[in-house]
Each structure stands twice: as structure tokens, then as C-alpha cells.
Amino acid sequence: MCCPVAAKQTGSADTADMLTKRAAHQANNASETTMEKTKQSSLNKIRLLYFFFRFSTGSLIPFMPLFMSSCGFTHEEIGRLQAIRPIVTMISAPFWGGLSDRTGKKKLILISTFLISAICRLSCAFFK
């Protein structure tokens, strides 16, 4: 039969091992929680940027035909120009979505498409 002192020491070692594992698990959970908060913060910034981008675009689009008309475009030209945006969106959105899914670099692709869009919109100011 086993001596009580040896059993007590083994139980003590098991308890210490469990406490060590529990502390490591809690530390791992704390770092995961911090990482999740950082990801959530980044995601909220992107959501806010997207909201303001869509809000600004949505507030200007209804007035674009009036502006184009005052610039001398015909109704047919205005219709064609207004149709370009949804057509390009239908073609490019699946492309960029598929690319981000394949590469896994969603944030990089989101930022790059936003910058490309901003550059294209700002370059229109230089052409009359």
C-alpha cells in the first residue's frame, strides 16, 4: 500500500500542475480578449469610414443629374453617365470580394479600393 506522505505529495503536485494550467489558460484568454478588442476597434473604424463614405455619396447622387444638366449634358448623356456607376459596381464588387476571400487580406484590399476610389474621384476635379 502507498504511504500517506507520498500520496499527499503527489496530490500537491497535481494541484500545483492544475493551478499552473489554469493560470496559463487565463493568460491565454486575456490575450485573446485583448486581440478581439483590437480587432473590434479596427472593424468599427472601418465601419465608420464606410458609413461616412456611403452617406456622402448618397447625399450627392440625387443632385448629379441636375448638375450635369446645368453643365450642358443632354438627357441621354446624363442617363449613360449615371448608368456607369451601378454597372461598374456589379462587375467589380464580386471581383474584389473573391480576391479578398482568396488572399485573406481583406483589410488591405478594403483600404486599397477606398484609396483607388478617392484618387479617381479627386482626379475628376482636374478634368472639365
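Because the structure is a prediction, the values reported are computed rather than measured.

**Focus on the confidence of the model for the chain**
Part 1: Looking at the chain as a whole, its pLDDT mean stands at 80, while 77% of the residues score no less than 70.
Part 2: For the chain, helix α1 (residues 4-60) is the element with the lowest average pLDDT, namely 71, and helix α2 (residues 64-70) is the one with the highest, namely 92.
Part 3: Per-residue pLDDT stays below 50 along residues 1-9; that stretch engages in 1 contact with residues further than four places along the chain or on separate chains.

**Describing a nonpolar patch on the surface**
Part 1: Residues Leu48, Phe51, Phe52 and Phe55 make up a contiguous nonpolar surface patch of about 460 Å² in total accessible area.
Part 2: With respect to the helices and strands, Phe55 occurs in helix α1.
Part 3: For Phe55, a relative accessible area of 53% corresponds to the exposed category.

**A look at the packing of aromatic side chains**
Part 1: As enumerated under the stated definition, the model contains 4 aromatic pairs in all.
Part 2: Measuring from centroid to centroid gives 5.3 Å for Phe51 and Phe52, while their planes differ by 70 degrees, and the two rings are edge-to-face.
Part 3: By relative accessible area, which is 48% here, Phe52 ends up partly exposed.

**Section: the environment of Ile61**
Part 1: With respect to the element layout, Ile61 can be found in the loop between α1 and α2.
Part 2: Separated by 21 residues in the primary sequence, Ile61 and Gln82 place their C-alpha atoms 9.0 Å from one another.
Part 3: Not counting chain neighbours up to four residues away, the residues in contact with Ile61 comprise Gln82 and Arg85.

**Re helix α3 (residues 75-103)**
Part 1: Under the 1.5 Å per step criterion, the end-to-end length of α3 is 43 Å for 29 residues, consistent within 8% with the ideal 42 Å.
Part 2: Considering bend angle alone, the principal kink of α3 is centred on Ser92 and spans about 25 degrees; proline Pro94 follows within four residues of it.
Part 3: Following α3 by one or two positions, Gly104 adopts a phi angle in the positive range, close to 80 degrees.

Conventions used here
Residues numbered from 1 in each chain as written. Predicted model: local features only at pLDDT ≥ 70, side-chain atom pairs only at ≥ 80, totals over all residues. Heavy atoms only, no water. pLDDT = per-residue confidence, 0-100. Helix = DSSP H or I, 4+ residues; strand = E, 2+ residues; numbered from the N terminus. Contact = heavy atoms within 4.5 Å. Patch = residues over 30% accessible without salt bridge, like charges linked within 9 Å, V, L, I, M, F, W, Y side chains within 5 Å. Areas by Shrake-Rupley, 256 points an atom, 1.4 Å probe, with all protein chains shown as cover. Salt bridge = Lys/Arg side-chain N within 4 Å of Asp/Glu carboxyl O. Buried < 20%, exposed > 50% of the residue type's maximum accessible area, 1.4 Å probe, protein only. Phe/Tyr/Trp six-rings, centres within 6.5 Å; stacked < 30°, edge-to-face > 60°. Expected span 1.5 Å × (residues − 1). Bend = angle between axes of the 7 residues up to and from the residue.

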